[in-house]
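Coordinate inspection notes
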Amino acid sequence: MALQDELRPLVSPITPPGTRFRTVAGLDSAYDDTGAVAAAVVVLAADTLDPVTCAVAHGVADFPYVPGLLAFREIPATLAALEKLSSAPDLLVCDGQGLAHPRRFGLACHLGLLTGVPSIGVAKTVWGDYAEPGLERGASTDITIDGVVVGRALRTRTGVKPVFVSVGHRIDLDTACAQVLALTPRYRIPETTRHADHLCRAALRTASGDYSGSTP
């Protein structure tokens, strides 16, 4: 918690001039009962949403699941997966929180600071207060904590529960929401997250039973 408080002022909720998102990466991790983890990163072309490349890293989670401290559990294997890519993607989409976090420093903020890559959090559940947005796709309302806007509840499918978008690092909230809408042409959850979720689960199943505890 002290480290999160120390790093929080370094987060930039501004999109640098001239930024273009040609490739977008989804990040997700799967765990089994032994603590084995498979972290996956799947990079899509932003214009077509076709897969460009992917990587998986295996490890052992030595940090327990603690609400608000997810980054400390997920980042080691996630960074290992990112390091396997031949080049960094233009945007990271985390299955978790950014600024919409009890200390305004969720997984997307932490990962964005460590990598220097623009990052956003797209969560299925919310930290903070919000009013239900309109039922149509694209409707949104602000998420606030202590009266401060930290994200948006964004309807990605008409009549379906919204997702909760917040800035991670080096991107503004309007741009983050526009990117999430571009990544959800068919489903509630971004295509980046869907691909990464499938890959990390498959990788964990493949490793199950002969996992040695080493990182390939």
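Residues numbered from 1 in each chain as written. Predicted model: local features only at pLDDT ≥ 70, side-chain atom pairs only at ≥ 80, totals over all residues. Heavy atoms only, no water.

Positive phi values are uncommon outside glycine, yet Leu49 reaches one of about 65°. Its relative accessible area of 14% is what places Leu49 among the buried residues. Phi is positive for Arg104, which is not a glycine, with a value near 55°. Considering the arrangement of structural elements, one finds Arg104 in the loop between β4 (91-94) and α3 (107-115). (Buried < 20%, exposed > 50% of the residue type's maximum accessible area, 1.4 Å probe, protein only. Helix = DSSP H or I, 4+ residues; strand = E, 2+ residues; numbered from the N terminus.)

Position of Gly106 among the secondary structure elements: in the loop between β4 and α3. Sequence separation between Gly106 and Ala71 is 35 residues, and the spatial gap between their C-alpha atoms is 6.9 Å. With residues up to four places along the chain from it excluded, the contact list for Gly106 reads Gln97, Gly98 and His101. (Contact = heavy atoms within 4.5 Å.)

What follows is about the nonpolar core. The biggest cluster of nonpolar side chains holds 30 residues, and the ones touching the most others in it are Leu91, Val93, Ile120, Val163, Val165, Ile171 and Val180. Mapped onto this core, the elements with two or more residues apiece are β4, β5 (119-123), β6 (140-145), β7 (148-154), β8 (163-169) and α4 (173-182). For Ile120, the contacting residues outside a window of four places in its chain are Leu91, Leu92, Val93, Cys94, Ala108, Ser166, Gly168, Ile171, Ala176 and Val180. (Core = buried A, V, L, I, M, F, W, Y, C linked by side-chain atoms within 4.5 Å.)

In the predicted model, the protein carries a mean pLDDT of 95, and 96% of its residues have values of at least 70. A low-confidence stretch, residues 210-216 stays under pLDDT 50, and its non-local contacts, those more than four residues away or across chains, total 10 contacts. (pLDDT = per-residue confidence, 0-100.)

Following the criterion strictly, the structure yields one cavity of 30 Å³ or more and no others. When its volume is computed, the largest cavity comes out at roughly 40 Å³. Broken down by secondary-structure element, the contributors of at least two residues to the lining of the largest cavity are β1 (23-31), α2 (70-83) and α3. Top element by residues in the lining of the largest cavity is β1. It accounts for three residues. Its residues assigned to classes, the lining of the largest cavity shows four nonpolar, two polar and two charged. (1 Å grid on protein atoms, 1.4 Å probe; cavity = no way out; pocket = protein on both sides within 12 Å on 5 of 7 lines; lining within 4 Å. Points joined across faces, edges and corners; volume = space filled by probe spheres on them. Nonpolar A, V, L, I, M, F, W, Y, C, P; charged D, E, K, R; others polar.)

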